[in-house]
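A structural walkthrough
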Amino acid sequence: MSKGFFSLVLHAHLPYIRHPNYEEFMEEKWLFEAISETYIPLLRAFESLENDNVHFAVTMSITPPLMEMLDSKDLQDKYIRHLEGLIELSGKEIEKTKAEDPRKHKMAKYYHEDFKDLLRVFRDEYGGSLINGFKRFYESGHLEIITCNATHGFLPLMERYPNAVRAQVKTGVDTYKRHIGQPPKGMWLAECGYTAGIDKYLAEQDLRYFFVDSHGIWYADTPPRFGVYRPIITDNGVFVFGRDPESSEQVWSAESGYPGDFRYREFYRDVGFDRNKEYIKDYIDRSGVRVNTGIKYHKVTGGNVDLGKKDFYDIDEAMEAARAHGRDFAEKKAAQVRELFDQFDGVEPIITAPFDAELFGHWWFEGPAFIEHLFRALDEKEDIRAIKPPDFIENHLEKVQINTPGDSTWGANGYNEVWINGANDWIYKHLDHLIEKMTELANDYHDESNPLKIRALNQAARELMLAQSSDWAFIMTTGTTVEYASARTKQHVDRFLSLYDNLQNGVVDEKELEHMEWLDAIFPDIDFRDYKSNN
Amino acid sequence: MWSVENLSRKKVSELKRLAKNKDIRGYYKMRKKELVQALSTEFINEVDPTSMEKIRLLLNSNPRIFELRRIAKKMGITFKRNMKKDELMERINRSLVRHEKNVQHSNSSQTTGSSSDQKIEPGPPMIPDLPKSYNTDKLVGLPVNPSWVHFYWDYSDQTLELIKRLEKRGQSLLLRIYDITFIDFDGTNAHQVWEYDIGNGNTKKYYANVNSPNATYISEIGYLNDDGEFITILRSNSVHTPPNAFSQKKEERWLDLSSGYRFSEPAKGILAKPVLKGVGKSSFFPHEFKERRITSGGGSFFSMMRKGNSGGVE
């Protein structure tokens, strides 16, 4: 009999970045890196656990834009070309490293085989769409896939407009159904962003649960008896799981967090930057801007070691560290569960540990191996069992505290300041204006029967939603690739305004519309009428 | 307007010059008919840069409604006769921005190409300019964190005229913020009022340190009349700042999931009371985030982007 539960939540998300009008586009590489370093390695870990009959339970929010990109034929083709380039490059690296260091040579051979295997998994095993891969583990019951609000719009700053929030939530649910074939049970709110009232829109879509950061539970309307270790239910009947701060601290602490271990792979050393330009030019951006290739030969070595003085990486040593860390984390979770179980007088706690999925693999190369070993170790333990949130609700929750969570995001300091500050506040004037104009269009045209106008109205809704991606505001705050984020915001706002003008002038330019539909092809089943007020 | 009719009246040399400006491919070997065709389909409703400049000047000089109608007609903008002046101005403005963009675009890219051909574009994507104002009266409050609220606002032309008149009399606009937590606000009964001088219409945003979490605020922009009375021009939505402390309520509410029975119990406090990480000082300037994780999710894909070259070039 277990004394408590562990629930791992991985939030997999990238903004909709797809530029079919370019043969290559630098920011599209974000998806390719995430596929190679995170999504396929996670699928491999799941497969290995399944083959060995290990009990594991993971929740993944695969956001609507990510689903649409994984499903996009032109991005799939571009990814295959990208991999073919890396197979070629790693082949050259095998030759080149012969004369360099045996540790580099060993890794070059590893990468070459790994890229070939990535291609096999991507193209042959899952037919180009990784959604099939995740669906496989969803169907076997190990993986709970949940959705996210449409384009990862930041809801706490949208809350004044019920129809805009509703459209974001509904489109997130519809997109999930289209790709997964079932309705989602839960939703990850973009940026873990909650403010009182958002749960109502989730209830409308029959969503049963969502997550908030720890302080969302702590500072709830009434004192939460079990803190973040038992879900609460809102007055609208939606369950809320609160994040365990200890788990994130153990993984993330600057001093003692696992990814900082000296044996792990160093992210910031990559042949894309280290090799001379003439040799590497065909494998970095066409403009000559150096980018990561994923071929990396160095290890963390030490926190204060200068990038230029890093030692060479050894994958066997690193995998051994991942195994030890996975086991250590499992031990810590079991101890935590035992302690909480006693504190709660025999009521079973659930530890909810959400992370960005891309942490595992992309930033922390050995992360997927860590996850695999974590589940292997958990499976050996008596006191703790991995669980998916709906199973916990169904089987381990007889009484639940009714409560209203406090505002929460998982941004710095826990509130909205990452998404509204001096670097990005200019966007809200435009986003709010677009919501108001979209509402006006939906009210004016909800009975429209002209197919061309309906297309223009739906495209306007797409442009609004794409402009609302919280990623743009986020990137403006981080200070890297700001130009891209700002351009994307402006382009979507501009396209919307142009569609709005055309519609209100009664002249839809079909050629222009067709072009926008091709560029911003997200959500083919979007319904602009969702923006109608008071429905 | 570049109608076929208008273009046909122009000389071939003139058409070639226009076609060259528009980067129309192979213009030099085109016959007159082809030139006319190319120009007329490429830029319907084109307005040349000098007239665009004239239109801008006119728009800024408080035009009469019939002048606006004339311009709209000239630019091929459809409008209703009963349309209000500011609406018409907004449309003309939007149209102007688009025309300018078209001109820039056609100067920078070689082919516009039909979208169904799915042309691969050269050069970097075009970045449009967005309107500086939407010509609407609006004051919006957005919560930043438990002690800061952001306000932004926009004015209609009528309001701008009023602001101009105030400026002539040496008067500034004032932003007032009212703490209306648990109050049915009637304009006079706020717990606290803060006032900020926001000048004469150029400032359009403000961050206010309100210092109270879990509280409700509303703001107004206005001015003082000769009797020292505050005259409201704009009023915001109400903004609620997030809570940042444990609830002091004495009751817990529960739901029995099998029976649907709801019941209350005296609050027992939090059994697993956390040791809180100090939520740092309220800051909203991005430089404070530099070199730090800005989500605790671990690294949204781009949150730990490379800061520069590794320094380890071979």
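The next thing to look at is the overall build of chain A. Looking only at helices and strands, chain A has 19 helices and 10 strands in total. Taking 24 Å as the expected radius of gyration for a compact globule of 535 residues, we find that chain A reaches 24 Å, a close match to that expectation. Overall, chain A is about 70 × 65 × 45 Å in size when its C-alpha atoms are taken along their principal axes. Classification of the 535 residues of chain A by burial places 69% in the buried group. Restricting the contact set of chain A to residue pairs at least 6 apart, pairs at least 24 apart contribute 79%. A total of about 16800 Å² of accessible surface is found on chain A, and carbon and sulfur atoms cover 46% of it. Taking the average location of the 63 positive side-chain charges in chain A and that of its 92 negative ones, the two points are 3 Å from each other.

Attention now goes to the overall build of chain B. The helix and strand tally for chain B stands at seven helices and 10 strands. Taken across its 314 residues, chain B has 43% of its residues classed as buried. Residue pairs at least 24 apart in sequence account for 53% of intrachain contacts in chain B once pairs closer than 6 positions are excluded. For chain B, the accessible area works out to roughly 17900 Å², and carbon and sulfur atoms hold 50% of it.

All names here are of chain B. Counting buried residues in strand S2 (residues 148–154) gives seven out of seven residues, a clear majority hidden from the surface. By the alternation rule, side chains of S2 split into Trp 148, His 150, Tyr 152 and Asp 154 and Val 149, Phe 151 and Trp 153, which are all buried. The turn linking strand S1 (residues 138–145) back onto S2 is made up of two residues. Sheet topology places S2 next to strand S5 (residues 205–209); five bridges connect them, and they run antiparallel. Bridged to Phe 151 within S5 is Tyr 206.

Moving on, we come to the interface of chain B and chain A. Listed per partner, the contact involves 94 residues of chain B and 108 residues of chain A. When chain B packs against chain A, close to 9300 Å² is buried across both sides, 57% of that on carbon and sulfur atoms. Counting across the interface, chain B meets chain A through six salt bridges. A salt bridge links B:Arg253 to A:Asp235, with the nearest nitrogen and oxygen atoms 3.0 Å apart. Counting every contact that joins chain B to chain A gives 25 residue pairs in polar contact (both at pLDDT 80 or more). Broken down by class, the residue content of the side of chain B that touches chain A amounts to 42 nonpolar, 25 polar and 27 charged. Note: strand S10 (residues 399–402) of chain A against strand S9 (residues 251–256) of chain B, four bridges, orientation antiparallel. Its bridge partner being in S9(B), A:Val400 is matched across the sheet by B:Leu255.

Attention shifts here to the nonpolar core. Residues and elements named next belong to chain A. Grouped together as the largest cluster of nonpolar side chains are 187 residues, with contacts concentrated most on Leu 10, Met 60, Leu 130 and Tyr 428. Examining the composition of this core, we find that 11 residues originate from one element, helix H1 (residues 29–51), more than from any other. Not counting residues within four places of it along the chain, the set of residues in contact with Leu 10 comprises Leu 42, Val 58, Thr 59, Met 60, Ser 61, Phe 355, Ala 357, Phe 360 and Ile 371. Counting residues in hydrophobic clusters, the runner-up holds 21 residues, among them Val 9, Phe 241, Ile 387 and Ile 393.

Another point: a positive patch on the surface. Judged by side-chain charge, B:Lys164, B:Arg165, B:Lys168 and B:Arg169 come together as a positively charged surface patch. Position of B:Arg165 relative to the elements: it lies in helix H7 (residues 157–168).

Mapped onto the fold, A:Tyr161 is located in the loop between strand S3 (143–148) and helix H6 (162–180). When the C-alpha positions of A:Tyr161 and A:Ser469 are compared, they lie 16 Å apart, and in sequence the two are 308 residues distant. Setting aside chain neighbours within four positions, we find A:Tyr161 in contact with A:Asp432, A:Ile435, A:Glu436 and B:Lys138.

All names here are of chain A. The residue Lys 296 is located in the loop between helix H11 (277–280) and helix H12 (315–343) in this model. According to the relative accessible area criterion, Lys 296 is buried, its value standing at 1%. A polar contact is formed between the side chain of Lys 296 and the side chain of Asp 270, at a distance of 3.0 Å. Not counting the four nearest positions on each side in its chain, Lys 296 is found in contact with Glu 37, Tyr 111, Arg 265, Glu 266, Phe 267, Arg 269 and Asp 270.

On to the packing of aromatic side chains, then. Residue and element names in this part refer to chain A. The tally for this structure, following the rule as stated, stands at 41 aromatic pairs over all chains. Here the aromatic rings of Tyr 22 and Phe 25 are separated by 5.3 Å at their centres, their planes lie at 65 degrees, and the arrangement is edge-to-face. With a relative accessible area of 8%, Tyr 22 lands in the buried category. Aromatic pair Phe 211 and Phe 241: ring centres 5.9 Å apart, planes at 40 degrees, arrangement tilted. Here Phe 241 lies in strand S7 (residues 239–242) and Phe 211 lies in strand S5 (residues 209–212), a separation of 30 residues in the sequence. Just as Phe 211 is buried, Phe 241 falls in that class too. Put simply, the rings of Phe 6, Tyr 258, Tyr 264, Phe 329, Phe 355, Phe 360, Trp 364 and Phe 370 touch in pairs and so form one group of aromatic residues. The cationic tip of Lys 296 hangs over the ring face of Phe 267; the distance from NZ or CZ to the ring centre is 4.4 Å. Taking the ring centre of Trp 426 as reference, the NZ or CZ of Lys 490 above it sits at 5.7 Å.

About the thresholds
Residues numbered from 1 in each chain as written. Chains lettered and ligands numbered in written order. Predicted model: local features only at pLDDT ≥ 70, side-chain atom pairs only at ≥ 80, totals over all residues. Heavy atoms only, no water. Helix = DSSP H or I, 4+ residues; strand = E, 2+ residues; numbered from the N terminus. Rg over C-alpha atoms; globule rule 2.2 N^0.38 Å. Buried < 20%, exposed > 50% of the residue type's maximum accessible area, 1.4 Å probe, protein only. Contact = heavy atoms within 4.5 Å. Areas by Shrake-Rupley, 256 points an atom, 1.4 Å probe, with all protein chains shown as cover. Lys, Arg positive; Asp, Glu negative; His and termini not counted. Charge placed at Lys NZ, Arg CZ, Asp CG, Glu CD. Pairing = 2+ DSSP bridges. Buried area = accessible area lost by both parts, 1.4 Å probe. Salt bridge = Lys/Arg side-chain N within 4 Å of Asp/Glu carboxyl O. Polar contact = N/O pair within 3.5 Å; in protein donor to acceptor, adjacent residues only side chain to side chain. Nonpolar A, V, L, I, M, F, W, Y, C, P; charged D, E, K, R; others polar. Core = buried A, V, L, I, M, F, W, Y, C linked by side-chain atoms within 4.5 Å. Patch = residues over 30% accessible without salt bridge, like charges linked within 9 Å, V, L, I, M, F, W, Y side chains within 5 Å. Phe/Tyr/Trp six-rings, centres within 6.5 Å; stacked < 30°, edge-to-face > 60°. Lys NZ or Arg CZ within 6 Å of the ring centre and 35° of its normal.

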